[in-house]
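Structure assessment
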Amino acid sequence: MPSLLRLLRPALLFAAAVLTAGLRAAEPALKDIIDSALATSARQYEWMLAHLPADPAKPLPRTFEHGTLVTIPSADWTSGFFPGSLWYLYEATGEAKWRASAEKFTAYLEPEQHNTGTHDVGFMLYCSYGNGLRLTGNAAYKSVLLNGAKSLSTRFNPTVGAIKSWDHGVGKFTYPVIIDNMMNLELMFWAAREGKVGHYRDLSIKHADTTIANHFRADHSTFHVIDYDPQTGQVIKKVTHQGTSDDSAWARGQAWGLYGYTVMYRETKEPRYLAQAQQIAAFVMNHPRLPADKVPYWDFDDVRIPLAPRDSSAAAIIASALLELRGYVAASTAAGYTSFAEAQLRSLTSPAYLAEPGTNGGFLLKHATGNHPKNSEIDVPINYGDYYFLEALLRARNAG
Ligand code: GLY
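Scope of this entry: the structure provided in the associated data block.

Quick notes on the rules
Residues numbered from 1 in each chain as written. Predicted model: local features only at pLDDT ≥ 70, side-chain atom pairs only at ≥ 80, totals over all residues. Heavy atoms only, no water. Helix = DSSP H or I, 4+ residues; strand = E, 2+ residues; numbered from the N terminus. Contact = heavy atoms within 4.5 Å. Pairing = 2+ DSSP bridges. Near = heavy atom within 4 Å. Polar contact = N/O pair within 3.5 Å; in protein donor to acceptor, adjacent residues only side chain to side chain. Areas by Shrake-Rupley, 256 points an atom, 1.4 Å probe, with all protein chains shown as cover. Nonpolar A, V, L, I, M, F, W, Y, C, P; charged D, E, K, R; others polar.

In this structure, Ser 347 sits in helix α12 (residues 331-348). For Ser 347, the contacting residues outside a window of four places in its chain are Asp 293, Val 295 and Tyr 353.

Before going further, it helps to examine the pairing of strand β8 (residues 368-371). Relative to strand β9 (residues 376-380), β8 runs antiparallel, the two being bridged by three bridges. If you follow Ala 368 over to β9, its bridge partner there is Val 380. Counting the residues that bridge the hairpin from β8 to β9 gives four residues, and of these Asn 375 lies at a positive phi of roughly 55°.

In the neighbourhood of the ligand, the contacting residues comprise Trp 77, Asp 180, Gln 242, Trp 250, Arg 252, Trp 256 and Tyr 384. At 2.6 Å, a side-chain N or O of Asp 180 approaches a nitrogen atom of the ligand. Here an oxygen atom of the ligand sits 2.6 Å away from a polar atom, N or O, in the side chain of Arg 252. When the ligand is considered free in solution it has 200 Å² of accessible area, and contact with the protein chains removes 93% of it. For the shell around the ligand, the residue count by class is four nonpolar, one polar and two charged.

Right, dumping it as C-alpha cells:
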C-alpha cells in the first residue's frame, strides 16, 4: 500500500463506518416496517372481505387479472391460502373478527379431505385447517386433516418412491412428480405424529430422497417435473410445466424446494436435508440474475431479463423459508439468511410491491407470476404470495 494510503487508512475506515451507520439509521427499523405492513394487510383484507361476491360455488379469491377478481371453488389447488391468510391475520392481531372470517372460509374446504385426485390436498388443508388447529385447538379440524393426509397417502407408489402430483396431463405425463410436491409433506409429518400413522413419515422421507436423487442439477437448481414409469420407477423425462424451458430454473420451483427441505430438516434432523436446503438457498441468493431488490424474475433463465416479469410470490416463499432455515445453521450463516430475508421483506413491504388498501383487487402483493407459459396470471397478485408474505412477516416479528 502506498504510504499516504497507509496513513489515511484508519481515517478512511472510520469514515466508512460512520457512513454505514448513518445509512442504517436512515432506514426505518424492520419492526416498524413489519407492524405497518401487518396493519396495511389487515385493512386490505377488510376491503377484500367487504367486496368479495357471495358465490357458494366459487367462494375463495385467487387472483385479480385484467381488472377482474378471479374466485375459485375448494377444489382449486390454491383454495387454502386465503383462509390461511385470514388465520395469520388472526394470529397477528388476536381480533375475534379475523377468527370468525377464517373459520367461515376454512369450512368451504371440508370436502377436500376426501380428495384423492391431487397432491395439492396438503397445500389446501394444512394452510387452512392446519393453521386453524394450531391457533384454536378445534378438534373437528384434526379429523379433517387426518382424513386429508390419508387421501394424500393413497397417491404414494413404493416402486417410484414418490407421491404422484397430478392425474391430469394424460398423454403428456405418466407419473409426474413436481418439486412443488415437497410442500405437501408437512401435512404428512403432522399426521404421522398426531394420528400415529408412522408410515406417513416413512413415505415422506422416501419422497424427499427420491426428489433429491432425480430433481436436482449439478448447480443445485431444480427441474420442475420428473415423469416416472410407475411399473419400474425409472425416470422417463425431466421437463418443465411452468418454467421457460426444461433446463431453466423456474423461480417458484426453487422456492418450493428451499421451503420443502427446510421442513424436512425440521421434521427429521437429517443433515442431508439441511444440506439440500442450504444448497438451494445458495443457488438463489448468489444468482447473478437475481435483481438488487431480491425479488426474483419469474424464471432465472428468461432471456428477456432484465425486462422479464417478477414473481413476488417466490420472494415471499424464500423469505419465509430462510427465516426458518436460519434457526438450524451456524450464527455466521444465519446472519446471511436473516439479512437476505430482511432485504426481501423491505422490498415486499415497499409501495413497489405492497398494494394500497382498496387497490389490487383486495390482494396484498403486486407483481406475482402464476403460469407464464400458459400466458396466465402474469404480473398479478396471487393468493399464495399473500399467504407466504404474511407468514414471513409473522416469522420475522415473532423472532423479534
Ligand atoms: N404449485 C403450482 C405453482 O406453484 O404454481
